[in-house]
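Understanding the architecture of this molecule
Below are the chains, spelled out letter by letter.
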Amino acid sequence: MIRLQDVTKVYPLAKGHSVTAVRGVSVEIGAGEFAVIVGRSGSGKTTLLNLAAGLTRPTAGRVTLDGVDLWKLSDQEQSYTRNRKIGFVFQFPSLLPTLTAHENVILPTIFGRNGAEPDARDRAAAMLERVGLGDKLSSYPRQLSGGQQQRVVIARSLINNPELLMADEPTSNLDERTEGEIVGLFRELHSSLGLTVVLVTHTRQLIQPGMRSIEMAEGRIVEAG
Amino acid sequence: MSKVLGAVMVVAALVLAIAPVFTDCQSDGKWLTTANGKQVSMKCHWTGIAEIAAAIPLAIGGLYALLGGRRKETTRLAAIVGVASGAVAILLPTFLIGTCGSATMTCNLLMRPILLSAGIVAIVASTALFFVARDQEMPVAPAAAA
Amino acid sequence: MNLLRLAWKNISGNSLRSWVVALCALVVAAFALFSTLLLRGAAASLELAADRLGADIIVVPEGAQTEMEGALLMGVPAHFWMPEENVAKLAAIPGVEAVTPQVYLATLIGASCCSVSEMFMIAYDPATDFTVRPWLEARLPAGLALGEVIGGDYISATEEDNGILVYGALVTLRGNLEPTGTGLDQSLFFTLETAHELARVSEIAAEEPLVIPPGQVSAVLLKTKPGLDTEALAVEIYRTVPGVYPIQSANLFQSSRTQLKSLLNTVVIIMALIWPLAILLIGMIYLMAANERRRELGVLRALGATRRFVCESLLAEASLLAFCGASVGVFIAVLAIYLFRRLIMVSLGVPFLLPSAGSLALQIGIGVLLSMLSVFLAALFPALKISRQDPAIAMRE
C-alpha cells in the first residue's frame with residue numbers, strides 16, 4: 001500500500017545549518033497491516049509518517065501510495081488523495097475551536113468543489129455515535145475532555161471512509177486509562193473496517209500481538225518486525 | 001461580549017446625562033426673557049434634565065451586564081430596558097419636549113445630535129445584548145491530564 | 001457547512017485580530033463616505049442656492065459682499081443698506097431684463113416677542129420679484145397676503161394656527177420652500193408691505209422696534225437678457241452706479257467655493273494617509289496570522305484541503321470582516337452627517353445638502369466596495385503565502 005524508497009528528509013535551519021530527520025529509509029506497509037513506529041524523541045518517526053502521508057516533500061527518494069508517486073501529482077490531486085484515502089489523527093489538539101464536534105467531523109467533506117455532500121451530516125453523526133460520542137454532537141472542543149477530543153478526531157479521520165489511518169502519538173497527552181481506550185478503539189476499527197493503520201508512538205507498551213513494529217533511531221530504521 | 005455591550009450602554013448613559021450640561025443654550029449664556037423681564041430656561045434645558053430619567057435605567061442595565069450578570073433572563077430584561085431608555089432619549093429632543101427654534105443655536109448644533117447619537121448607540125448595544133445574553137457556563141474540567 | 005460558513009465561524013472566535021481588521025475597514029469606509037457626502041453635498045447646495053435666487057447678478061453695497069454670502073449661506077442676518085434710487089439706475093442699464101429689490105432684516109436675540117431668535121428675513125417686492133415667484137405660482141397663486149410669510153425648509157410654526165411671533169406680531173406661515181442646505185432654509189420670506197406693517201406693530205409690541213431705514217434697500221437682484229456677457233455688464237454696473245458691488249451668480253459664494261477646494265485637498269491628503277496605512281496594518285495582521293494559525297491551516301491541508309481552498313478561506317474571512325466593518329462604517333458616516341450636518345456647516349463655513357436616496361445608495365455602495373477591496377488586497381499576499389506552507393512544517397511546534 002505505502003512504499004518509501006530510499007527516502008531522506010533534510011530540514012533547513014537558520015544560518016545555513018540543517019537537520020537530517022530521515023536518512024535513506026526504505027519501508028513498505030501492506031494493506032490491512034497495523035504498523036507501529038516506535039522511537040525516542042527526535043528519532044524521525046513523525047517525519048517518516050509525514051513523508052508517507054505526503055505532508056512533506058522528501059529531499060531524496062520516492063513515496064508511493066498504491067503505486068502512485070505522490071509528488072508527481074498536482075496539489076489538487078494530492079489533496080484529493082489525502083482527503084479520500086488517508087485519515088489523520090494528530091498528537092496535538094487539532095479540532096477547530098470555533099466548530100462543534102459534529103461540524104469538526106463534517107469538515108473533511110467540504111473541501112471538494114461542490115462543498116459538503118448531502119449525506120455528510122448523517123454520516124458524521126453516525127461516526128460520532130460509533131466512537132461513543134453520540135450525545136456530544138453540539139459540544140465545542142473546550143467542553144470535551146482530552147480523550148473525548150481525540151475520539152472526535154478519530155471520527156473525523158474516518159468520515160470519508162479512508163483505506164489508511166495514520167496516527168501521530170495520539171495518546172501522548174492522555175492519562176493511561178484513556179490511552180488504553182483510544183488504542184483499543186484503533187484496534188477495533190482496524191479489525192472491523194479492515195483499515196491499514198500506521199501508529200507512531202514513543203511507548204513500546206502500546207505494541208500488542210498482531211501489530212508490526214518498526215523501530216527508528218537517528219533517522220534510520222533499526223529494527224523492523 | 002456582554003461586558004463590552006454593558007460598558008457601551010453605561011457610556012451612552014453618561015453621555016445622555018452629562019452632555020446637555022455643556023451643550024444646551026443655557027451653557028452658551030442664552031436665556032429666554034419673558035414679557036415682565038424675567039429670565040427663564042429654554043426648552044432645551046428641560047430636555048437635558050429629562051434625559052437623566054432615560055440615562056438612569058440605561059446605566060443600571062449596562063452595569064448589570066458589565067459587572068458579569070449571570071442570568072440570561074435578567075440580562076435580556078436589562079437589554080429591553082436599554083432599548084426603551086434609548087428610545088426615550090431620542091424622543092425627548094424630537095417630539096416630547098424638543099429644542100430651540102433656530103437651527104444655529106447651540107442646542108441644535110451640538111446637544112440634539114449628541115443625544116440622538118447616544119440614543120441610537122444605546123438601542124443598538126441593548127439589542128445586541130439581548131441576542132448575546134446566555135446563562136453563564138460552568139467551567140469545564142481541564143482537557144488533558146498531566 | 002461550506003467555505004463561507006467556515007470563514008464566518010472562524011471570525012466569530014472573537015479574536016482581537018478580527019476586531020482590528022473590521023475596525024480598519026470601518027474607518028476607511030466611514031471616512032471615504034463622510035468626505036464624499038460632505039463635498040458633494042456642499043457643491044450641490046451651492047448650485048441650488050444660486051439657482052434659488054434666480055438672479056444672474058446680485059448688487060449689494062460695496063464692502064457688503066462677505067456679509068451677503070454669510071446671510072445666504074449660513075443664515076447669519078445681514079445689515080446693510082443702499083439708496084432705493086439704485087433700483088431705477090440699474091434697471092436703466094442696457095442688457096438688464098428685470099430688477100427686484102430685497103430688504104434684509106433679522107429677529108431679535110433671546111426676546112420673548114420673537115419665537116425664533118436671530119432669524120434672517122427677506123422682504124421682497126411682489127410686483128417685480130422672481131425669487132419666490134416660481135414657488136408661489138405653483139403653491140399659492142394668489143400670492144402672500146398681509147401678515148403671511150413663507151419659510152425655508154427648516155422653518156416651522158411655533159404658535160397656534162401656523163403662527164410665528166415676529167417682533168410681537170403674529171404672522172402666518174403659509175408654506176415651506178424646498179431645502180437648499182444653505183441659510184435660505186432658515187429664512188422667512190414676506191412682502192415689503194408686511195415688513196413695514198411689522199415695523200409699525202413692533203414699536204408697541206416688541207422689546208426693540210424693527211427699524212427699516214426709509215428709502216433704503218439691502219440688495220437688488222438682476223436678470224440679464226439671454227446670451228449677454230454678464231462680466232461686461234457687471235463692469236458697467238460698477239462704473240455706472242457708485243457705491244455698489246455687483247456679484248455674478250457664477251462667482252457667488254466665491255469664498256465658499258475656495259473653502260470647498262481647500263477642504264477637498266485636505267480630504268485627499270488624509271485619505272492618502274489613511275488608506276495605505278490601513279492596508280499595511282491589515283497586511284501585517286494577516287502575516288501575524290500566518291504564524292498564529294499555521295498549525296490549524298496545516299491540519300486543514302492534512303485533511304485534504306487544497307492550497308486554493310486555504311487561500312480562499314482566508315480571503316473569505318477577510319472579505320466578511322471587511323463587509324461587516326464597512327457596513328458599520330457607512331452607517332456611522334451617514335448618521336454623523338445627518339445628525340451633525342448643522343454643526344459641520346457652521347464649523348466649516350460651507351453649506352450642505354443631503355443627497356437623494358438613489359445617490360446616497362450609490363455612494364454607500366462605493367464606500368463599502370472600496371473598503372472591501374482594500375482589505376482583500378491587504379490580505380491577498382499573506383493568504384497566498386500561508387496557503388503555500390508545507391503542512392508538516394506548519395504543524396511543527
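Residues numbered from 1 in each chain as written. Chains lettered and ligands numbered in written order. Predicted model: local features only at pLDDT ≥ 70, side-chain atom pairs only at ≥ 80, totals over all residues.

Some details on the overall build of chain B
Along its length, chain B carries four helices and two strands. Along its sequence from the N terminus, chain B presents helices and strands in the succession α-β-β-α-α-α. Residue pairs at least 24 apart in sequence account for 80% of intrachain contacts in chain B once pairs closer than 6 positions are excluded. (Helix = DSSP H or I, 4+ residues; strand = E, 2+ residues; numbered from the N terminus. Contact = placed C-beta atoms within 7 Å.)

What to know about the overall build of chain C
What chain C contains, in helices and strands, is 12 helices and 11 strands. Its C-alpha radius of gyration of 30 Å places chain C more than 25% over the 21 Å reference for a compact globule of 397 residues. Dimensions of chain C along its principal axes, counting C-alpha atoms only, are 95 × 50 × 35 Å. (Rg over C-alpha atoms; globule rule 2.2 N^0.38 Å.)

Observations regarding the confidence of the model for chain C
Looking at chain C, the pLDDT average stands at 85 and 97% of residues meet or exceed 70. Listed scores for the predicted complex are pTM 0.76 and ipTM 0.90. (pLDDT = per-residue confidence, 0-100.)

Section: the interface of chain C and chain A
Across the contact, 21 residues belong to chain C and 25 residues belong to chain A. Residue assignment for the side of chain C that touches chain A shows that the elements contributing at least two residues are α1 (3-11), α9 (294-302), α10 (307-348) and α12 (391-395) of chain C. When residues in the side of chain C that touches chain A are grouped by element, the largest group, four residues, is from α9(C). Of the residues contributing to the side of chain C that touches chain A, the split by class is 10 nonpolar, six polar and five charged. (Nonpolar A, V, L, I, M, F, W, Y, C, P; charged D, E, K, R; others polar.)

Observations concerning the sheet that holds strand β2 (residues 18-29) of chain A
By definition, the strands of a sheet pair up through backbone hydrogen bonds, in either a parallel or an antiparallel sense. Residues and elements named next belong to chain A. Strand order in the open sheet formed by four strands is β2-β1-β4-β5, with antiparallel pairing between adjacent strands. Looking at the sheet topology across the chains shown, the edges are occupied by β2 and β5 (68-69). Across five bridges, strand β1 (residues 2-12) lies against strand β4 (residues 60-65) in antiparallel orientation. Note that in β4 the partner of L4 across the bridge is V63. Against the sheet, helix α1 (residues 45-53) makes contact with β1, β2 and β4, and its axis sits at roughly 120 degrees relative to β1, the strand it touches most. (Pairing = 2+ DSSP bridges. Axes fitted to C-alpha atoms, helices over the stretch in contact; angles between N-to-C directions.)

A closer look at helix α4 (residues 106-132) of chain B
The α-helix advances 3.6 residues per turn, and as a result positions three or four apart in sequence lie on the same side. Residues and elements named next belong to chain B. Along its 27 residues, α4 runs 38 Å from first to last C-alpha, staying within 8% of the 39 Å computed at 1.5 Å per residue. Remark: the principal bend of α4, roughly 25 degrees, maps to R112, with a proline, P113, within the next four residues. Burial analysis of α4 places 19 of its 27 residues in the buried class, the great majority of the element. (Expected span 1.5 Å × (residues − 1). Bend = angle between axes of the 7 residues up to and from the residue. Buried ≥ 20, exposed ≤ 12 C-beta atoms within 10 Å, placed from the backbone.)

Considerations on the packing of helix α2 (residues 16-53) of chain C against α10(C)
Residue and element names in this part refer to chain C. Running from N to C, α2 and α10 cross one another at 40 degrees; their axes reach a closest spacing of 6 Å. As judged from the angle between their axes, α2 and α10 are oblique. Read as a crossing pair, α2 and α10 show a hand that is right-handed. Taken together, the residues that form the contact of α2 with α10 break down as 25 nonpolar, three polar and no charged. (Parallel < 35°, antiparallel > 145°, perpendicular 65-115°, else oblique. Left-handed = near helix turned anticlockwise from the far one by under 90°.)

Side note on the nonpolar core
Residues I37(A), V105(A), A25(C), A29(C), V59(C) and V375(C) are the most contacted members of the largest nonpolar core, which totals 183 residues. Ranked by residues supplied to this core, first place goes to α2(C) with 18 residues. Lining this core are residues from two domains, each supplying at least three of them: domain 1 (3-47 + 257-395) and domain 2 (63-242) of chain C. Setting aside residues no more than four positions away along its own chain, A25(C) makes contact with L321(C), A322(C), G325(C), A326(C), G329(C), S371(C) and V375(C). Counting residues in each nonpolar core, the second largest holds 39 residues, with A13(B), A17(B), A89(B) and I123(B) among its members. (Core = buried A, V, L, I, M, F, W, Y, C linked by C-beta atoms within 7 Å. Domains from an automatic or database assignment.)

Details of unusual backbone geometry
One non-glycine residue, D66(A), lies in positive phi territory at about 50 degrees. Inspection of the secondary structure assignment puts D66(A) in the loop between β4 and β5.

Quick word on the sheet that holds strand β8 (residues 187-191) of chain C
Residues and elements named next belong to chain C. Spatial ordering of the open sheet is given by β6-β7-β5-β8-β4-β3-β10-β1-β11, a layout of nine strands whose pairing is mixed. Every other strand in the sheet has two partners, leaving β6 (163-166) and β11 (244-248) as the edge strands with one partner each. Neighbour-to-neighbour, the strand axes of the sheet open up by a mean angle of 35 degrees, direction not taken into account. Here strand β5 (residues 148-151) runs beside β8; their pairing, made up of two bridges, is antiparallel. Following the sheet pairing, G151 is matched in β8 by L188. Across the face of the sheet, helix α7 (residues 230-240) comes into contact with β1 (57-61), β10 (219-224) and β11 while running at roughly 170 degrees to β11.

Digging into α10(C)
Residue and element names in this part refer to chain C. If you check α10, its first and last C-alpha atoms are just 52 Å apart, much less than what 42 residues at 1.5 Å a residue would give, namely 62 Å. Maximum bend of α10: about 70 degrees, positioned at F340. G349 occupies a position one or two residues after α10 and carries a positive phi of about 70 degrees.

What to know about the pairing of β5(C)
Two strands pair when backbone bridges link them, and β5(C) and strand β7 (residues 169-176) of chain C are joined in this way by four bridges, in the parallel orientation. Bridging across to β7(C), V149(C) finds its partner in L173(C).

Overview of the packing of helix α5 (residues 146-158) of chain A against helix α6 (residues 176-193) of chain A
Residue and element names in this part refer to chain A. Relative to each other, α5 and α6 sit at 15 degrees, their axes nearing to 10 Å. Viewed along their axes, α5 and α6 adopt a mutual orientation that is roughly parallel. Crossing angle aside, the handedness with which α5 passes α6 is right-handed. For the pair α5 and α6, contact is made by G146, G147, Q150 and I154 and by T178, E181, I182 and L185, respectively. Among the residues making up the contact of α5 with α6, the classes are represented as three nonpolar, four polar and one charged.

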